[in-house]
Amino acid sequence: MANSPLTPGVVPGRLQPDDYTRNFADKAPPLTAHEAAVAADRCYFCHDAPCVTACPTAIDIPLFIREIATGAPAAAARTIFEQNILGGMCARVCPTEQLCEEACVRMTAEARPVEIGRLQRFATDTLMTREGHPFMRAAPTGRRIAVVGAGPAGLACAHRLAMKGHEVQLFDARPKAGGLNEYGIAAYKTVNDYAQAEVAWLMGIGGIAVTNGKALGRDMTLDDLRAGHDAVFLAIGLGGVNALRAEGEEKAQVVDAVDFIARLRQAEDLSTIPVGRHVVVIGGGMTAVDAAVQSKLLGAESVTMVYRRGRAAMGASEEEQHLASSKGVRIVTGAAPLRLLGDGAVEAVEFAYTRETETGLELTDETFRIRADQVFKAIGQKLEGAPEGIALSGRKIAVTGPGRTSMSGVWAGGDCATGGDDLTVTAVAEGRDAAEDIHATLMAEG
């Protein structure tokens, strides 16, 4: 092996081949049929189940778990997919510990919820391995809808519209459909190219034509889409990355975390991905954790996450924070970057401790430095390329109700629109609900 965790700089191949296989294995292996039956037996099948209320897609969780318990996992999967057509991915990446499982009544007595996420994966995996698609298209309506963006919101919207009998043209700027499911999630969460397998399965409904490599504003305009379609759904995501606003941000080896994750996800050989010996990740959300953990799994000697506020304010769940710590990632809170130091390439980052005040976050005079030959920015993304003439709220597309924008015949959902919380499951709900509203609107027009 030419390189090791101690090799200076940013280099590939720090580990032995077997290490990559082991490090990037499935984070949460699937339940066996027996394990699923035992896990399902813990559910109380509550009548007014708080877990359903906590689920952004309102899956009937007690029903699907009862179906598993009675030996009908395929029926359980259909119950899930009726509400969340990307239920398989959400079972893998959804922060269930903050949503349905946190609301589980088992938490009150035992502090251990029913394993809803793993049971959902067991059901959806069971059905997806069978031939055919669980839903059929309605009679053709003769209506054509353009969906821009093939991430969770766009895919959910396209599937629901196709199921209603509409013809859907799905456009995406990247070479593959899937959005952040394909390009923005840690590799150990979605092994065996699951994102593409799920897209292929979803397309089994029929009536969806996918065009990759087409970006709104570059290859087509909103006016063109409106002229050629009966409705348009925008699910363009957030293409820009927020700036650190710190001196030296332009230095070499200061990288956007989302780009690093995307490159890793698309790599056929993980040993070819360069990673620093000393890595600093700036940010406190899920993306920051994914970048930090995967840096460590690629062989970085030291990885430090730095977040400007306290742990309670971090976007990453407690479970994700624990995962990072368990992999050897150091988490520093209450500090913000002042300047990135180095001659050409970054060599260290200087931080200032922060304090919360009535007027907001302030920097203190106390500073410290962390050695770094690679820095990942994970401080959030921003909307880029919003169509001219469409109303914005803050830095996102303004929507009312089920995704209606200020422009007639145009809906929006997912990360690009107001009201969401940047979760896959929320994006799915928004895409699904917008599709229902588009369908109702078009049918009312006659």
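Everything below is about the structure printed above this text.
Residues numbered from 1 in each chain as written. Predicted model: local features only at pLDDT ≥ 70, side-chain atom pairs only at ≥ 80, totals over all residues. Heavy atoms only, no water.

Caption draft 1: Broad picture of the overall build of the protein. Helix and strand counts for the protein come out as 17 helices and 19 strands. Against the 2.2 N^0.38 benchmark of 22 Å for 446 residues, the protein shows a C-alpha radius of gyration of 23 Å, consistent with a compact globule. Its C-alpha atoms give the protein principal-axis dimensions of about 65 × 55 × 50 Å. When the accessible surface of the protein is split by element, carbon and sulfur atoms take 49% of a total near 19,400 Å². (Helix = DSSP H or I, 4+ residues; strand = E, 2+ residues; numbered from the N terminus. Rg over C-alpha atoms; globule rule 2.2 N^0.38 Å. Areas by Shrake-Rupley, 256 points an atom, 1.4 Å probe, with all protein chains shown as cover.)

Caption draft 2: Local environment of the pairing of strand β10 (residues 302-307). Counting buried positions over the 6 residues of β10 gives 5, a clear majority of the element. As a crossover connection, the stretch from strand β9 (residues 278-282) through helix α15 (residues 286-297) into β10 is right-handed. In this structure, β10 lies alongside strand β11 (residues 329-333), joined through 5 bridges in parallel fashion. Residue pairing in the sheet places Y307 in a bridge with T333 of β11. The β-α-β motif built from β10, the intervening helix α16 (residues 318-326) and the parallel element β11 has right-handed crossover chirality. (Buried < 20%, exposed > 50% of the residue type's maximum accessible area, 1.4 Å probe, protein only. Right-handed = clockwise from strand over helix to strand, strands pointing away. Pairing = 2+ DSSP bridges.)

Caption draft 3: Highlighting the pattern of salt bridges. A full pass over the atoms with the stated rule returns 28 salt bridges. Between E110 and R106 there is a salt bridge, with the nearest N and O atoms lying 2.3 Å from each other. Separated by 4 residues within a single helix, E110 and R106 lie in helix α8 (residues 106-110), roughly one turn from each other. The class of R106 is buried, set by a relative accessible area of 14%. Residue R369 is joined to E350 by a salt bridge in which the shortest nitrogen-to-oxygen separation is 3.8 Å. Taken together, the positions of R369 in strand β14 (residues 360-371) and E350 in strand β13 (residues 348-357) put the pair 19 residues apart, joining distant regions of the chain. The network of salt bridges with shared partners includes K27, K189, D290, E319 and E320. (Salt bridge = Lys/Arg side-chain N within 4 Å of Asp/Glu carboxyl O.)

Caption draft 4: Quick peek at the packing of α15 against α16. Remark: α15 packs on α16, axes separated minimally by 10 Å, with the N-to-C direction vectors making an angle of 20 degrees. For the element pair α15 / α16, the angle class is roughly parallel. For the pair α15 and α16, the crossing hand works out as left-handed. Mapping the contact onto sequence places M286, V289, D290 and V293 in α15 and E320, L323 and A324 in α16. (Axes fitted to C-alpha atoms, helices over the stretch in contact; angles between N-to-C directions. Parallel < 35°, antiparallel > 145°, perpendicular 65-115°, else oblique. Left-handed = near helix turned anticlockwise from the far one by under 90°. Contact = heavy atoms within 4.5 Å.)

Caption draft 5: Region of the structure containing helix α12 (residues 194-202). Looking only at α12, the buried set comprises Y194, A195, E198, V199, W201 and L202. Buried residues of α12, viewed axially, fall in a sector of 165 degrees; they line one side. (Arc of directions from axis to C-beta.)

Caption draft 6: Molecular detail of the sheet that holds strand β19 (residues 410-412). In spatial order, the strands read β4-β3-β2-β5-β19; together these 5 strands make up an open sheet with parallel pairing. The outermost strands of the open sheet, each flanked by one partner alone, are β4 (208-212) and β19. Neighbouring strand axes in the sheet, compared pairwise and without regard to direction, differ in orientation by 20 degrees on average. Where strand β5 (residues 231-234) lies against β19, 3 bridges are found, and the strand directions are parallel.

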